[in-house]
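# Secondary and tertiary structure notes
Take a look at the letters that make up each chain.
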Amino acid sequence: MPASRRGSGSFTLTTGQTIAIHTRTQDEEDLPHATKKTMADHLRKYESLFTLTPQRMRMIVEAFTETLELGLNKPNQIVPMIPTYVFGWPTGQETGDFLALDLGGTNLRVCLVTLQGKGKFEISQTKYRLTEEQKQEDGQKLFDFCAECLHTFVETNTGEGAGQLKPGQSLPLGFTFSYPCSQERIDHGELIRWTKGFGAGNTEGRDVAEMFKKSLEKYQLPIKLTALINDTTGTLIASHYVNPNTKIAVIFGTGCNAAYMEHVKDIAKIEHLGIDPGAEMAINCEWGAFDSFEHEHLPRTKYDTIVDDTSNKPGEQAFEKLISGRYLGEILRLVICELIDEGVLFLGQNTYKLEKPYCFDTAFLSLMESDPTDELLMVIGIFTHFFALETTLAERQFFRALAKLIGRRAARLSACGIAAIVSKMGYLEEGCSVGADGSLYNKYPGFADRVHEGLQDIFGDKGRNIVTHHAEDGSGVGSAIIAAMTKHRKDAGLYLNV
């Protein structure tokens, strides 16, 4: 076990060799620990760092709204406001069998969706695990793997039974590819940049739809790529299909994003396409990039700066790095490591396990916040089981309070993004539903309540008119509905060039 560079339980011999002394005892009073008072003093410092006032939130919303408008007017902006070529809302009458393929951050999912009309559907699906190697090696190999999984799925689900594919049946496919792409038409998409820890080579700047079609041909699949969509756009369409009051969709998970329906007359950068100005089109905001590079508007702490500097894309995705589930655990770990360095925490204990970046999962924050016991047994479990560290009650209370500060900041910043779209589209008076999805929204205790609290802090009582709800499955059902809408539009001869 390597000696920790931290803590006071070590001394240097005359030979220059460092000997670490690690005492381990069941009686926690034998270890030097931070007192309740010291922890309270430190907590006050972090409260001022991580707390967002309503006034600051309103300033962020104003800057955010301007950024959204800039992205609609000009191409190649930091928040790209990508036109999706998904025209208007589903009617609810879409029917038929459609395939959906979802390349997510951790899994590849293949779905067969049977749309039954009137907001009803049936779905059967299979998930395939993605390895870290697949996420980093050549892009064409990644798409070959997608086609291979699709091939396996089609073979498994072909037969004469109900809910099965007929042998040789040709199917439209909606491909959910949830990474920033610039699109000139719905079955095309040039990857702007990888996010969510992907780094597959020979892919950025290329048309991923063409790469995927090449893989489909390789496996001779009777499948037509009808629509390349983002999961957030799919979430918008699927949630509206089931609940027509839904006007905005947001994802708060490994990444973060939003989509909404915009008037074509307000998307200046696509004027040249000659689309009816009275039409509506879904916009994929890719708002995780808000305030990237310049860092003028968001309240970044030194821990956020470290997360950014050590990430695989320094300077980029500034908003995402403050609120996504990928980074919250790491922010907390950096604060703990600083306090270890300052000699406040875990004196005389070996802290090397905590020194590994990203070892502190965001799920730990969820568990710490939801610990119902007086002794905070869940927190004891996390530190003893994963990091072999003993804690006092004062320390555990501090860790939980810190988790709460970081989680609350993430939710309140998320509210700022929603508020920017609400302000831009004038939804505040009539109110609207926001379909929300992602691990943070679904699993982090109190996240949704804090978003609602944030909306009320921004808008006052009228903020209650904006309500989030669990979204429908965007990357599966939404993708299939968009494939159906697109097939219907093209069959009707509408906007065939996009």
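Rules of the game
- Residues numbered from 1 in each chain as written.
- Predicted model: local features only at pLDDT ≥ 70, side-chain atom pairs only at ≥ 80, totals over all residues.
- Heavy atoms only, no water.
- Buried < 20%, exposed > 50% of the residue type's maximum accessible area, 1.4 Å probe, protein only.
- Helix = DSSP H or I, 4+ residues; strand = E, 2+ residues; numbered from the N terminus.
- Arc of directions from axis to C-beta.
- Contact = heavy atoms within 4.5 Å.
- Polar contact = N/O pair within 3.5 Å; in protein donor to acceptor, adjacent residues only side chain to side chain.
- Pairing = 2+ DSSP bridges.
- Axes fitted to C-alpha atoms, helices over the stretch in contact; angles between N-to-C directions.
- Salt bridge = Lys/Arg side-chain N within 4 Å of Asp/Glu carboxyl O.
- Parallel < 35°, antiparallel > 145°, perpendicular 65-115°, else oblique.
- Left-handed = near helix turned anticlockwise from the far one by under 90°.
- Nonpolar A, V, L, I, M, F, W, Y, C, P; charged D, E, K, R; others polar.
- 1 Å grid on protein atoms, 1.4 Å probe; cavity = no way out; pocket = protein on both sides within 12 Å on 5 of 7 lines; lining within 4 Å.
- Points joined across faces, edges and corners; volume = space filled by probe spheres on them.
- pLDDT = per-residue confidence, 0-100.

Those residues of helix H5 (residues 208–218) not exposed but buried are Val208, Ala209, Met211, Phe212, Ser215 and Leu216. The arc that holds the buried residues of H5, viewed along the axis, is 160°, so those residues lie on one side. Pointing more than 90 degrees away from the buried face of H5 are the exposed residues Lys214, Glu217 and Lys218. Contacts made by the buried residues of H5 are with strand S4 (95–103), helix H4 (139–156), strand S7 (171–177), strand S8 (181–182), strand S9 (190–191) and strand S10 (223–229). The backbone nitrogen of Ala209 lies 2.9 Å from a side-chain oxygen of the residue at the head of H5, namely Asp207.

Our next topic: the pairing of strand S3 (residues 82–87). Two faces make up the sheet, and in a regular strand the side chains alternate between them. Where burial is concerned, most of S3 is hidden: six out of the six residues are buried. Every second residue of S3 is oriented toward a common face, with Ile82, Thr84 and Val86 on one face and Pro83, Tyr85 and Phe87 on the other, all of them buried. As judged from the three bridges shared by S3 and strand S13 (residues 280–284), these two strands associate in the antiparallel manner. When the bridges of S13 are listed, Pro83 appears paired with Ile283.

Attention shifts here to the sheet that holds strand S5 (residues 107–117). Strand order in the open sheet formed by five strands is S6-S5-S4-S7-S10, with mixed pairing between adjacent strands. The open sheet terminates on both sides in strands that have one partner only, identified here as strand S6 (120–129) and S10. Averaged over all pairs of adjacent strands, the angle between their axes in this sheet comes to 25°, without regard to strand direction. Taken strand by strand, H5 contacts S4, S7 and S10, and its axis lies near 155° from that of S10.

This part takes up the pattern of salt bridges. For the coordinates displayed, the defined rule picks out 27 salt bridges. With a shortest N-O distance of 2.7 Å, Arg109 and Asp473 are connected by a salt bridge. Taken together, the residues Arg109 in strand S5 and Asp473 in the loop between strand S15 (466–470) and helix H15 (474–491) connect sequence positions 364 residues apart. Since its relative accessible area comes to 9%, Arg109 is described here as buried. Given the relative accessible area of 22%, Asp473 is considered partly exposed. Here Glu429 ties to Lys462 by a salt bridge, and the two come within 2.7 Å at their closest N and O atoms. Of this pair, Glu429 sits in the loop between helix H12 (393–425) and strand S14 (432–437) while Lys462 is found in the loop between helix H14 (447–459) and S15, placing the two residues 33 residues apart along the sequence. Three or more residues joined by partner-sharing salt bridges are found here, namely Arg408, Arg412, Glu453 and Asp457.

A positive phi is found at Lys118, a non-glycine position, where the angle reads about 55°. Looking at the secondary structure, you find Lys118 in the loop between S5 and S6. Even without glycine at this site, Phe293 takes up a positive phi of about 65°. The residue Phe293 is located in the loop between S13 and helix H7 (302–309) in this model.

Let us now look at H7. Every buried residue belonging to H7 is among Tyr303, Asp304, Val307 and Asp308, and all of these are buried. Buried residues along H7 cover an arc of 140° about the axis, so they all sit on one side.

Look at H4 against H5: their axes get within 8 Å of each other, and the N-to-C directions meet at 50°. Relative to H5, the element H4 lies oblique. Regarding H4 and H5, the two cross each other, and that crossing is right-handed. Taken together, the residues of H5 that come into contact with H4 (itself represented by Gly139, Gln140, Phe143, Asp144, Cys146, Ala147 and Leu150) are Val208, Met211, Phe212, Lys214, Ser215, Leu216 and Lys218.

Ordered by their spatial adjacency, six strands build an open sheet running S3-S13-S12-S11-S14-S15, and the pairing between neighbours is mixed. Edge strands, defined here as strands with exactly one partner in the open sheet, are S3 and S15. Here the strands of the sheet are splayed against their neighbours by 30° on average, with no regard to which way each runs. Pairing geometry for strand S11 (residues 246–252) and S14, over five bridges, is parallel. Bridge assignment links Thr246 to a residue of S14, and that residue is Ser433. On the sheet, H12 packs against S11, strand S12 (256–263), S14 and S15 and is oriented at approximately 5° with respect to S12.

Moving on, we get to the packing of helix H10 (residues 362–369) against helix H11 (residues 377–387). Closest axis-to-axis distance for the H10/H11 pair is 8 Å, and the angle between their directions is 150°. Judged by the angle between their axes, H10 and H11 are roughly antiparallel. Along the contact surface, H10 presents Phe364, Leu367 and Met368, while H11 presents Met378, Val379, Ile382, Phe386 and Phe387. Each residue belonging to the contact of H10 with H11 can be placed in one class, and the counts come to eight nonpolar, no polar and no charged.

Next up on the list: the layout of surface pockets. Its boundaries defined by the atoms lining it, the largest pocket holds a volume of some 1400 Å³. Lining the largest pocket we find 48 residues, and of these Gly105, Thr106, Gly253, Thr254 and Ser439 sit closest to its centre. Ranked by residues supplied to the lining of the largest pocket, first place goes to helix H13 (residues 439–443) with four residues. In terms of residue class, the lining of the largest pocket is built from nine nonpolar, 23 polar and 16 charged.

On to the environment of Glu184, then. Counting through the fold element by element, Glu184 comes out in the loop between S8 and S9. Glu184 gets classed as exposed once you look at its relative accessible area, which sits at 56%. With 12 residues separating them in the primary sequence, Glu184 and Pro172 have C-alpha atoms 20 Å apart. For Glu184, the residues in contact, after removing those within four places along its chain, are Tyr85, Asn497 and Val498.

On to the confidence of the model for the chain, then. The share of residues in the chain with pLDDT of 70 or more is 92%, and the mean pLDDT across the chain is 90. Between residues 1–15, whose pLDDT stays under 50, and residues either more than four places distant or in other chains, the model counts 35 contacts. Segment residues 18–28 is flagged for pLDDT under 50; beyond a separation of four residues in sequence, or across chains, it makes 32 contacts in the model.

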